[in-house]
Every structure is written in structure tokens, then in C-alpha cells.
Amino acid sequence: MINQENRPYRKSLAEHGLIYLGGEEREVVIKNISLTGLLVELFCEDEPLEIKDIYNAIAASPVLDFYLPELRLAGEVDVVRVDIEESHILMALAFKYVSHDVDNLLYRRKAYRKMMTAPGKILIDGDFTEFETVNVSVDGFMIRINKDIEVPVNAVTTFQFKLLDLEGAVKVIWIDRGESSTLMGLQYMHMEKTHIQGIPVFARR
């Protein structure tokens, strides 16, 4: 049993947010929030979800992306518990990664950026160079290359990203060179896929 005296303070709310569950953005109502997580109710007026659908989605991906526009928060949560109370589906979620300046970010960027570290390749000077992603969105991604490399801004090149089964053309939007590594911001120009499975949009609404 949880010691109530040691339990983090929870503030009751009735605001709306979004979670990315089973490959779809789902609206939720925030019941309460604390420093460690939140309790939400799934809002399924148009497409009611069965509890088995939720468990199947969680089994496939227990870490969910979330976006709380009124609170200007976004990031990732672990699913701690799923309950049904009077036909309402409640989910207890624990914060895993939180970005607190999401409101400003979503004004400057059109879509949520998911923190993701995964390998890929980008064509530079006629050869494919290996990179690791820093974050990924439906508009583009940030990569890190483990060496100092020079690429002009606005250059267009090709990439391969096996984890999301993506390949195509990207434009270099910005570059930050260091002695032992290089960061790049890339924007999709052309891809073989128009929908990126596993990456929510969470565009500011």
C-alpha cells in the first residue's frame, strides 16, 4: 500500500490533451497531475476503444508520447495502470521525458519532435556517412555524426533510416560543428512514405 504522506501532491484538473496510442493520436481528459505523472481518461466519443485494444497497444509499445497544450508540456510517459470505472477508461501514466517549452517549440516548428536515438546513413561527398538521430518528427529530424564534417546549409542530399523504414531526400537546415562531432537539422524534401508509423504530429490546435 502507498504511504499517502509520501505520495506526491496531485492537482485535480479537467483539461484536454493527446496521447499517441496504437499508432493514433487519442484525445484524453486529464483528471489529475503530479510531479511524477498524471491520471487521464480516454475520450472516445467517435471511436470507442475496447480494453483489449488498449492492452494490445500497450504490449506493443508501453512508452507513449503525450501533448498537454494547456500546460505547455509534451514528452513520453510509461503506462503504470489501466482501470475501468463506470465504463470510463482511466490510465495512470508516469513521466519518462518531459519538455516544458513545447508551446514555443510548436509555434516555431509545426510538429512534435520525438526524442529517439537510432542509427542511419546520409550521403555526404559521394559516400554514405553513419549518424545517430537525436529527435524525429513528421517534418524532419536532428542527427549527430561522430566527427567534424562540413556540409553547406540548404544542401540537399539523401538518407536511409531503417528503424522507421524511411529513405529519401533531405535539406540541411542548420549545422553545428564541433571538434569530434557534428549536429545537423534536416528537413524532408521527398520520401518514399507519406506516413511515419510511430511518430505523432501533435500539431498545435
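Residues numbered from 1 in each chain as written. Predicted model: local features only at pLDDT ≥ 70, side-chain atom pairs only at ≥ 80, totals over all residues. Heavy atoms only, no water.

> Help me out: how do you make sense of the side chain of serine 137 in this one?
Examined against the element boundaries, serine 137 turns out to sit in the loop between β9 (127–136) and β10 (140–145). Relative accessible area serves as the criterion here: at 1%, serine 137 is assigned to the buried category. One polar contact links the side chain of serine 137 to the main-chain amide nitrogen of aspartate 139, over a distance of 3.0 Å. (Helix = DSSP H or I, 4+ residues; strand = E, 2+ residues; numbered from the N terminus. Buried < 20%, exposed > 50% of the residue type's maximum accessible area, 1.4 Å probe, protein only. Polar contact = N/O pair within 3.5 Å; in protein donor to acceptor, adjacent residues only side chain to side chain.)

> How should I be thinking about the packing of aromatic side chains in this particular structure?
Aromatic rings considered in pairs are described by the distance between their centres and by the relative angle of their planes. Under the counting rule described, the total for this entry stands at 6 aromatic pairs. Judged by centre distance (6.0 Å) and plane angle (35°), the ring pair of phenylalanine 131 and phenylalanine 141 falls under tilted. Taken together, the residues span a long stretch of sequence, with phenylalanine 131 in strand β9 and phenylalanine 141 in strand β10 at a distance of 10 residues. For the pair shown, phenylalanine 131 and phenylalanine 141 are each scored as buried. Relative to phenylalanine 161, the ring of phenylalanine 141 lies with its centre 6.2 Å away and its plane at 25°, an arrangement referred to as stacked. Of the two residues, phenylalanine 141 is situated in strand β10 and phenylalanine 161 in strand β11 (residues 156–161); the sequence distance between them amounts to 20 residues. (Phe/Tyr/Trp six-rings, centres within 6.5 Å; stacked < 30°, edge-to-face > 60°.)

> I tried to follow unusual backbone geometry on my own but got confused; where do I start?
Although it is not a glycine, asparagine 154 adopts a positive phi angle of roughly 80°. The residue asparagine 154 is located in the loop between β10 and β11 in this model. For aspartate 165, which is not a glycine, the phi torsion comes out positive at approximately 55°. Topologically, aspartate 165 is positioned in the loop between β11 and β12 (166–177).

> It is not clear to me how helix α1 (residues 51–60) should be interpreted in this structure. Could you clarify?
Because each turn of an α-helix spans 3.6 residues, side chains separated by three or four positions in sequence point in the same direction. Those residues of α1 that fall on the buried side of the exposure criterion are Ile54, Ala57 and Ile58. Projected down its long axis, α1 shows its buried positions confined to an angular sector of 95°, all on one face. Turned more than 90 degrees away from the buried face of α1 sit Lys52, Asn56, Ala59 and Ala60, all of them exposed. (Arc of directions from axis to C-beta.)

> Explain the pairing of strand β3 (residues 37–42) to me, please; I cannot follow it from the model alone.
Regular strands place their side chains on alternate faces of the sheet. Extensive coverage of β3 is indicated by the burial of 6 of its 6 residues. Pairing geometry for strand β2 (residues 24–33) and β3, over 5 bridges, is antiparallel. Bridging from a neighbouring strand, valine 29 pairs with glutamate 41 of β3. In this antiparallel pair of consecutive strands, β2 and β3, the connection spans 3 residues. Across 5 bridges, β3 lies against strand β6 (residues 88–99) in antiparallel orientation. Following the sheet pairing, leucine 38 is matched in β6 by leucine 93. (Pairing = 2+ DSSP bridges.)

> Help me out: how do you make sense of the nonpolar core in this one?
Nonpolar side chains in soluble globular proteins tend to be buried together. Counting 22 residues, the largest nonpolar core has Ile19, Leu38, Met91 and Leu93 as the members making the most contacts within it. Elements that contribute at least two residues to this core include exactly β1 (11–21), β2, β3, α1, β4 (63–68), β5 (73–85) and β6. Methionine 91 has contacts with Ile19, Leu38, Leu39, Val40, Leu42, Ile54, Ile58, Leu64, Val79, Arg81 and Val82, leaving out every residue within four places of it along the chain. Leu164, Val170, Tyr188 and Ile199 belong to the second largest nonpolar core, which has 21 residues in total. (Core = buried A, V, L, I, M, F, W, Y, C linked by side-chain atoms within 4.5 Å. Contact = heavy atoms within 4.5 Å.)

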